[in-house]
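Structural overview
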Number of protein chains: 2
Amino acid sequence: MVRGGVPSAGEYRCAMAQTQRANSGDALAPTRRDPDRPDLAAMVVPLGRALMAAELPVLRAHDLTMWAYTVLLALGDEPVRSQATLAESIGADKTRVIAVLDDLEQRGLIRRRPDPADRRARLLSLTEQGHRVRAAVRSGIRVREERLLARLPDADRLGFLNALRTLSALPPETIAD
Amino acid sequence: MVRGGVPSAGEYRCAMAQTQRANSGDALAPTRRDPDRPDLAAMVVPLGRALMAAELPVLRAHDLTMWAYTVLLALGDEPVRSQATLAESIGADKTRVIAVLDDLEQRGLIRRRPDPADRRARLLSLTEQGHRVRAAVRSGIRVREERLLARLPDADRLGFLNALRTLSALPPETIAD
DNA sequence: TATTGTTATACTCTATAACTATA
DNA sequence: TATAGTTATAGAGTATAACAATA
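- An unreviewed UniProt entry lists chain A under the name Putative transcriptional regulator, MarR family protein, with Embleya hyalina as the source organism.

Below you can see the structure in the form of structure tokens.
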């Protein structure tokens, strides 16, 4: 764990870790391919956990929790107009981001000032140093990811990233039906 | 939630849900492709959560928790010689599988009998009905997954599944370095 | 009255430790 | 003494409810 712990997921984890294993991959027609493959979730979820575990050393080196990094990512592209907006955009409870923001603000990585137009809300933005840390962590993570992706044949790598972007861009309700 | 709740993940969840978004995908060279893509974990983890959410209705229809289904999956291929072995194989604590096994046994989905050779251990196996339930749930899940995968171009779909099997077959330590 | 941010409380899930029964 | 299974306890992490400030 990094600082103050890392987010966790009441409902959303499955332990299908090493349950279902890949079996030899022969190229069949895409439509009726590999009917005995493991469940998608049984592959995707453990992979996600492993990827997060791979990020932890980088985060730790910068003394960031997963939540803190998530906030830096969310604020990096453009400032956010309220903490509630931020919380929703990163899929967190509004009460949970408070401690994270307190910490980041105290360390000078973000700015949090009342919105002059509506003094109830807080305008959230990254400081100069926040941008630097964000970029450093992100590139550190990217290096490890590229090393991992290098294990894949070019075609699989391309399809993997394409599919990931397609699927992760879908609203969760679409996936869940 | 299904029955008695679903496993959760102290350390392993990140809320990068809608944080980083896919940007338009143009085909570059595989090696230096899309340097501004979101972190892998930021795409894989939310996708995994969505996939699990998609499984929940199927599990609920059979009154199974995610853990229970995980156990059914693990016992389906071949019986297991002890609860500790099972727990480790599905990445769970040995104290946590007990309630799950109690429930599954009581409902006649698994058998749990002392090993004659070492009466400390319990031999775990699926009953006839356990096999049926396992198959029914699995095929219900598969239907939904195929519907989702149909959104992908054949090439991406193929690469995605290939990559998933390759990466999820790696020991987590390999991914985490 | 409704909303933003905050705090405090309760709840869920998980891991740790202690116990039993076998070996 | 060590291990498999079990139970009970304590610890994280999270969400719910209640509050103050502003609109």
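There's more to say after this.
Notes on the overall build of chain A
- The number of helices and strands found in chain A is 7 helices and 2 strands.
- Reading the helices (α) and strands (β) of chain A from amino to carboxyl end gives α-α-α-α-β-β-α-α-α.
- Put simply, chain A has 177 residues, and 54% of those count as buried.
- In chain A, the proportion of contacts linking residues at least 24 apart, taken out of those at least 6 apart, comes to 54%.
- About 8000 Å² of surface is accessible on chain A, with carbon and sulfur atoms providing 50% of the total.

Comments concerning the packing of aromatic side chains
- Considering all chains together, one arrives at 1 aromatic pair over all chains under this definition.
- Geometrically, the ring pair formed by A:Phe160 and B:Phe160 is stacked, given 6.0 Å between the ring centres and 20° between the ring planes. Here B:Phe160 lies in helix 6 (residues 154-168) and A:Phe160 lies in helix 6 (residues 154-168), a pairing that spans two chains. Of the two residues examined, A:Phe160 and B:Phe160, each falls in the buried class.

Brief notes about helix 4 (residues 97-106) of chain A
Residues and elements named next belong to chain A.
- Along helix 4, the residues classified as buried are Val 97, Val 100, Leu 101, Asp 103 and Leu 104. Down the axis of helix 4, the buried set is contained in an arc of 160°. They therefore lie on one face. The exposed set on the far side of helix 4, more than 90 degrees from its buried face, consists of Ala 99 and Gln 106.
- Next to the buried residues of helix 4 lie helix 2 (66-77), helix 3 (83-89), strand 1 (110-114) and strand 2 (122-126).
- After helix 4 finishes, the residue Gly 108 shows a positive phi value of roughly 75°.

Here's the deal with the environment of A:Leu126
All names here are of chain A.
- Secondary-structure assignment places Leu 126 in strand 2.
- Residue classification places Leu 126 among the buried positions, given a relative accessible area of 4%.
- With 54 residues separating them in the primary sequence, Leu 126 and Leu 72 have C-alpha atoms 7.2 Å apart.

Quick notes on the packing of helix 6 of chain A against helix 6 of chain B
- Direction vectors running N to C along helix 6 of chain A and helix 6 of chain B enclose 100°, while the axes themselves pass 7 Å from each other. With respect to helix 6 of chain B, the element helix 6 of chain A is oriented roughly perpendicular. In contact with A:Asp156, A:Gly159, A:Phe160, A:Asn162, A:Ala163, A:Leu164 and A:Leu167 of helix 6 of chain A, helix 6 of chain B contributes B:Asp156, B:Gly159, B:Phe160, B:Asn162, B:Ala163, B:Leu164 and B:Leu167.
- Classifying every residue of the contact of helix 6 of chain A with helix 6 of chain B by side-chain character gives 8 nonpolar, 4 polar and 2 charged.

Describing the packing of helix 1 (residues 40-61) of chain A against helix 5 (residues 128-149) of chain A
Residues and elements named next belong to chain A.
- Running from N to C, helix 1 and helix 5 cross one another at 140°; their axes reach a closest spacing of 9 Å. As summarised for this structure, helix 1 and helix 5 are arranged oblique, according to the angle between their axes. Note that helix 1 runs across helix 5; the crossing there is right-handed. Between helix 1 and helix 5, the residues in contact are Leu 51, Ala 54, Glu 55, Pro 57, Val 58 and Leu 59 and Val 137, Gly 140, Ile 141, Arg 144, Glu 145 and Leu 148, respectively.
- Grouping the amino acids of the contact of helix 1 with helix 5 by side-chain chemistry returns 8 nonpolar, 1 polar and 3 charged.

A short note on the nonpolar core
- Counting residues in hydrophobic clusters, the biggest one holds 102 residues, and the most contacted among them are A:Phe160 and B:Phe160.
- B:Phe160 has contacts with A:Gly159, A:Phe160, A:Ala163, A:Leu164, A:Leu167, B:Leu47, B:Leu149 and B:Leu152, leaving out every residue within four places of it along the chain.

Remarks on the pattern of salt bridges
- Tallied over the entire structure, the rule returns 20 salt bridges over all chains.
- Close ionic contact of A:Arg37 with B:Glu146 constitutes a salt bridge, the shortest N to O distance being 3.2 Å. Of this pair, A:Arg37 sits in the segment before helix 1 while B:Glu146 sits in helix 5 (residues 128-149), each in a different chain. Neither residue differs from the other here; A:Arg37 and B:Glu146 are each classed as buried.
- A salt bridge links B:Asp39 to A:Arg142, with the shortest nitrogen-to-oxygen separation between them at 3.1 Å.

Overview of the confidence of the model for chain A
All names here are of chain A.
- The predicted model of chain A averages 84 in pLDDT, with 80% of residues at 70 or higher.
- Here helix 7 (residues 172-176) stands out as the element of chain A with the lowest mean pLDDT, 87, in contrast to strand 2, whose mean of 98 is the highest.
- pLDDT under 50 marks residues 1-31. Its contacts with residues more than four places away, or in other chains, come to 112 contacts.

Remarks on the side chain of A:Thr65
Residues and elements named next belong to chain A.
- Locating Thr 65 in the fold gives a position in the loop between helix 1 and helix 2.
- Looking at Thr 65, the relative accessible area reads 9%, which means it is buried.
- Among the polar contacts made by the side chain of Thr 65, one reaches the main-chain amide nitrogen of Ala 68 at a distance of 2.9 Å.

Procedures and definitions
Residues numbered from 1 in each chain as written. Chains lettered and ligands numbered in written order. Predicted model: local features only at pLDDT ≥ 70, side-chain atom pairs only at ≥ 80, totals over all residues. Heavy atoms only, no water. Helix = DSSP H or I, 4+ residues; strand = E, 2+ residues; numbered from the N terminus. Buried < 20%, exposed > 50% of the residue type's maximum accessible area, 1.4 Å probe, protein only. Contact = heavy atoms within 4.5 Å. Areas by Shrake-Rupley, 256 points an atom, 1.4 Å probe, with all protein chains shown as cover. Phe/Tyr/Trp six-rings, centres within 6.5 Å; stacked < 30°, edge-to-face > 60°. Arc of directions from axis to C-beta. Axes fitted to C-alpha atoms, helices over the stretch in contact; angles between N-to-C directions. Parallel < 35°, antiparallel > 145°, perpendicular 65-115°, else oblique. Nonpolar A, V, L, I, M, F, W, Y, C, P; charged D, E, K, R; others polar. Left-handed = near helix turned anticlockwise from the far one by under 90°. Core = buried A, V, L, I, M, F, W, Y, C linked by side-chain atoms within 4.5 Å. Salt bridge = Lys/Arg side-chain N within 4 Å of Asp/Glu carboxyl O. pLDDT = per-residue confidence, 0-100. Polar contact = N/O pair within 3.5 Å; in protein donor to acceptor, adjacent residues only side chain to side chain.

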